[in-house]
Amino acid sequence: MARRLRFNGTGSGGGSCPAIHEDLDTGEVIVHGPRLTDPEALAQLQHIDEDEIPIVMPRNTLIDFGPKDRDTEPRLLDPATFARLFDNFQHSAWHLEMRRRYTVDEQTHTYAQFARGETPTWDMEGPWARTIRPKTQDGADVGRVRIVDNPPSEGQRYLLAHAEYNDALGEEVRNMWREDAKRVNLPNEDFWIFDSHIVALCIFDDDDNLTGAELISEPARVNQYSRLRDVARHYAVSYKGFAAQVAAKGD
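Residues numbered from 1 in each chain as written. Predicted model: local features only at pLDDT ≥ 70, side-chain atom pairs only at ≥ 80, totals over all residues. Heavy atoms only, no water.

Caption draft 1: Summary view of the overall build of the protein. In terms of regular secondary structure, the protein is built from 10 helices and 11 strands. C-alpha atoms of the protein, sized along the principal axes, occupy 80 × 35 × 35 Å. Long-range contacts, defined here as pairs at least 24 residues apart, represent 65% of the contacts in the protein between residues at least 6 apart. If you sum the accessible surface of the protein, you get close to 14900 Å²; carbon and sulfur atoms cover 49% of it. Charge-centre separation for the protein: the mean point of 29 positive side chains lies 4 Å from the mean point of 43 negative side chains. (Helix = DSSP H or I, 4+ residues; strand = E, 2+ residues; numbered from the N terminus. Contact = heavy atoms within 4.5 Å. Areas by Shrake-Rupley, 256 points an atom, 1.4 Å probe, with all protein chains shown as cover. Lys, Arg positive; Asp, Glu negative; His and termini not counted. Charge placed at Lys NZ, Arg CZ, Asp CG, Glu CD.)

Encoded structure:
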């Protein structure tokens, strides 16, 4: 089906490129202008795929003729697209974990070992390790704050043991009791922040399966989640210290 395009305008007095068009059905924006070819400039571009072409566009053309309203519908990512965010982030990835259980954990052999009272044998060469360890070794900051109920659920106790695996990969893992999270007004939301400018708000079904994520890039909203990250990190404690608290409560 052919696109229905509307010509929004051009900054050129002669009516030629660069210019902006808008897809009337999808709301997507199409720009055309001089192609960026300088090798040194191309080397500085981030998140550009092989099939993408960088275009030089005057700032005023974007301001004058780009859409002024944001999309009203949330931008939803399927699990596979969400997973690619972990391949593409560069300097930081941080997770607030709010749930009592994650079905994906319960499907692992390490969870079965834990449930039987055995010490889990972590796969240090598995997909997550191959993704995260090179990032942290290169200086990326990867961390989590896990919220825990009192008493902890089995899934939360498993993740407290799992923190040793995360730590071995270079992640910082901290924990907080749920009543403390409520006291400092942390929301009941499970989310990741990537490179301080993208938030992925995790979406789960009634059986605690991850079904996708809402992508948030609006600066004001990202700043709100960044503030929540700072609050959580400030009040949470290291997983080793928290494990000692849990053990003391069980005595």
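Caption draft 2: The arrangement of the pattern of salt bridges in detail. Here the structure, examined in full by the defined rule, presents 19 salt bridges. Put simply, Arg146 and Glu97 hold a salt bridge, and the shortest N to O gap is 2.8 Å. With Arg146 in strand β6 (residues 141-148) and Glu97 in strand β5 (residues 92-97), this residue pair connects regions lying 49 residues apart in the sequence. When sorted by exposure, Arg146 lands in the same class as Glu97, which is buried. As a salt-bridge pair, Arg101 and Glu106 come within 2.6 Å of each other at their nearest N and O atoms. A residue is classified by how much of its surface remains accessible, and Glu106, at 30% relative accessible area, is partly exposed. Several salt bridges share partner residues, and in doing so they unite Glu97, Arg144, Arg146 and Glu171 into one network. (Salt bridge = Lys/Arg side-chain N within 4 Å of Asp/Glu carboxyl O. Buried < 20%, exposed > 50% of the residue type's maximum accessible area, 1.4 Å probe, protein only.)

Caption draft 3: Local environment of the side chain of Arg144. Position of Arg144 relative to the elements: it lies in strand β6. One polar contact links Arg144 to Glu97, side chain to side chain, over a distance of 2.6 Å. Dropping the residues within four chain positions of it, Arg144 is found in contact with Trp94, His95, Glu97, Trp128, Asn166, Glu171, Glu172, Val173, Arg174 and Trp192. (Polar contact = N/O pair within 3.5 Å; in protein donor to acceptor, adjacent residues only side chain to side chain.)

Caption draft 4: Looking closely at helix α9 (residues 219-235). Along its 17 residues, α9 runs 25 Å from first to last C-alpha, staying within 8% of the 24 Å computed at 1.5 Å per residue. Listing the buried residues of α9 in full gives Val222, Tyr225, Ser226, Leu228, Arg229, Val231 and Ala232. Structurally, α9 contributes buried residues whose contacts are with β5, β6, β7 (172-177), β8 (191-194), β9 (198-204) and β10 (210-216). (Expected span 1.5 Å × (residues − 1).)

Caption draft 5: Representation of the packing of aromatic side chains within the structure. Counting across every chain of the model gives 15 aromatic pairs. Where Trp192 meets Phe194, the ring centres are 5.8 Å apart and the plane angle is 15 degrees; that geometry is what we call stacked. No difference in accessibility class separates Trp192 from Phe194, as the two residues are buried. Here a set of aromatic residues connected by ring pairs shows up, and it is made of Phe82, Phe86, Phe89, Trp128, Trp192 and Phe194. Looking at Lys135, its charged tip hangs above the ring of Phe89, at a distance of 4.5 Å from the centre. (Phe/Tyr/Trp six-rings, centres within 6.5 Å; stacked < 30°, edge-to-face > 60°. Lys NZ or Arg CZ within 6 Å of the ring centre and 35° of its normal.)

Caption draft 6: Main features of the packing of helix α3 (residues 79-88) against helix α6 (residues 127-137). Running from N to C, α3 and α6 cross one another at 35 degrees; their axes reach a closest spacing of 9 Å. Counted together, Phe86, Asp87 and Asn88 of α3 and Trp128, Thr131 and Lys135 of α6 form the full contact between these two elements. For the contact of α3 with α6, the per-class residue count stands at two nonpolar, two polar and two charged. (Axes fitted to C-alpha atoms, helices over the stretch in contact; angles between N-to-C directions. Nonpolar A, V, L, I, M, F, W, Y, C, P; charged D, E, K, R; others polar.)

Caption draft 7: Examining a negative patch on the surface more closely. On the surface, Asp49, Glu50, Asp51 and Glu52 cluster together into a patch of negative charge. Residue classification places Asp51 among the exposed residues on the basis of a relative accessible area of 66%. (Patch = residues over 30% accessible without salt bridge, like charges linked within 9 Å, V, L, I, M, F, W, Y side chains within 5 Å.)

Caption draft 8: Structural view of the nonpolar core. Counting residues in each nonpolar core, the largest one holds 24 residues, and the members touching the most others are Phe82, Leu85, Phe89, Trp192, Phe194 and Ala200. Elements that contribute at least two residues to this core include exactly α3, α5 (109-115), α6, α7 (154-168), β8, β9 and β10. Those residues within four positions of Phe82 in sequence are excluded, and the remaining contacts are Leu77, Trp192, Phe194, Ala200, Cys202, Leu210 and Ala213. Core analysis: the next-biggest nonpolar cluster, separate from the first, contains 20 residues, Leu96, Ile147, Ala181 and Val184 among them. (Core = buried A, V, L, I, M, F, W, Y, C linked by side-chain atoms within 4.5 Å.)

Caption draft 9: Inspection of the side chain of Ser92 at higher detail. On the secondary structure map, Ser92 appears in strand β5. The exposure class of Ser92 is buried, given its relative accessible area of 12%. Looking at Ser92, its side chain comes within polar contact range of the side chain of His91, at 3.1 Å.

Caption draft 10: Structural context of the sheet that holds strand β2 (residues 19-23). Spatially, the three strands line up as an open sheet ordered β1-β2-β3, and their pairing is antiparallel. The strands lining the two open edges of the sheet, one partner per strand, are β1 (5-10) and β3 (29-32). For this sheet the average axis-to-axis angle between neighbouring strands, irrespective of direction, equals 25 degrees. Where β2 lies against β3, four bridges are found, and the strand directions are antiparallel. Looking at β3, one finds that His21 is bridged to Ile30. (Pairing = 2+ DSSP bridges.)

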